[in-house]
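# Geometric and topological summary
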Amino acid sequence: MNELNILALSGSLRAQSHNTALLHAARTLIPGGPAIDIDDDLGRLPLYNQDLDSGTPPVPVAEFRARIAVADALLIATPEHNASVPAALKNAIDWASTAPEGLLRGKPVAIVGASPGPFGSVRAQLALRQILAAVGAEVVVKPEVTVFHCDTRFTGERRLSDPYTADLLRELLDALSRKIHPYTAAK
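Keep in mind the model is a prediction, meaning the values are calculated, not measured.

Okay, the packing of aromatic side chains next. Across all of its chains, the model carries one aromatic pair by this definition. The interplanar angle of 65° and the centroid separation of 4.7 Å between the aromatic rings of Y48 and W95 together place this pair among those described as edge-to-face. Taken together, the positions of Y48 in the loop between β2 (35–39) and α2 (59–70) and W95 in helix α3 (residues 87–97) put the pair 47 residues apart, joining distant regions of the chain. Accessibility expressed as a relative area gives 27% for Y48, which makes it partly exposed. The exposure class assigned to W95 is buried, which follows from its relative accessible area of 0%. Its guanidinium or amino end placed over the ring of F148, R153 lies 4.5 Å from that ring's centre, counting from NZ or CZ.

For Q50, the location among the structural elements is in the loop between β2 and α2. Accessibility expressed as a relative area gives 62% for Q50, which makes it exposed. The spatial distance from the C-alpha of Q50 to the C-alpha of V135 is 17 Å, given a sequence separation of 85 residues.

Among the six residues of strand β1 (residues 5–10), five are classified as buried, and the element is accordingly described as predominantly covered. Here β1 runs beside β2; their pairing, made up of five bridges, is parallel. Among the inter-strand pairings, N5 is bridged to a residue of β2, identified as A35. At this point the chain moves from β1, through helix α1 (residues 18–29), to the parallel β2, and the crossover so formed is right-handed. Pairing of β1 with strand β3 (residues 73–77), which is carried by five bridges, proceeds in the parallel orientation.

Our focus in this paragraph is the pattern of salt bridges. Within the structure shown, the criterion is met by nine salt bridges. For D94, the salt bridge goes to K90, with nearest N and O atoms at 2.6 Å. Of this pair, D94 and K90 both sit in helix α3, four residues apart, roughly one helical turn. Its relative accessible area of 31% is what places K90 among the partly exposed residues. The partner of R153 in a salt bridge is D162, and the shortest N-O contact between them spans 3.0 Å. You can call R153 buried: its relative accessible area is 15%. Relative accessible area serves as the criterion here: at 17%, D162 is assigned to the buried category. Overlapping salt bridges bring together D37, D39, R44 and R67 as one network.

Reading the values: rules and limits
Residues numbered from 1 in each chain as written. Predicted model: local features only at pLDDT ≥ 70, side-chain atom pairs only at ≥ 80, totals over all residues. Heavy atoms only, no water. Phe/Tyr/Trp six-rings, centres within 6.5 Å; stacked < 30°, edge-to-face > 60°. Helix = DSSP H or I, 4+ residues; strand = E, 2+ residues; numbered from the N terminus. Buried < 20%, exposed > 50% of the residue type's maximum accessible area, 1.4 Å probe, protein only. Lys NZ or Arg CZ within 6 Å of the ring centre and 35° of its normal. Pairing = 2+ DSSP bridges. Right-handed = clockwise from strand over helix to strand, strands pointing away. Salt bridge = Lys/Arg side-chain N within 4 Å of Asp/Glu carboxyl O.

And the structure:
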């Protein structure tokens, strides 16, 4: 079996983001499992503009697309902004989905999200699932990992301290790994 590579995207641009911390926690939960490469800087991508989406897109876009192209799967952590996905995350998906190769079509994707509110990121995840379905991504359906009251589930150093959340995250990573296998066989 080839070593699997998961590209993890944080939809939050905040330096002290619980969503980025959730991705770092994912790295520690699967020792010996797929490598998780965290891209927590979607803010470097220019706003999507079809005029710029040419054979030579802006350098940050080309680099971002290259990272997605070599990844076996994506793990996306999204906060909730105005009952939907943050603009930076939607922008990144726009750049990835319009690539000539259709980078997200058939790509296995798992979604997580954290929020200090009582609903976690459930509405953002619902919107993200709809967006990913529209571009043909293969989204993991269960388990749903919506970390509500996230400020109580992490230590002051942004380390995951809630065993229930850790168990759900492990289950999601296992489900994502199972979804990757048919994809990697076709590579």
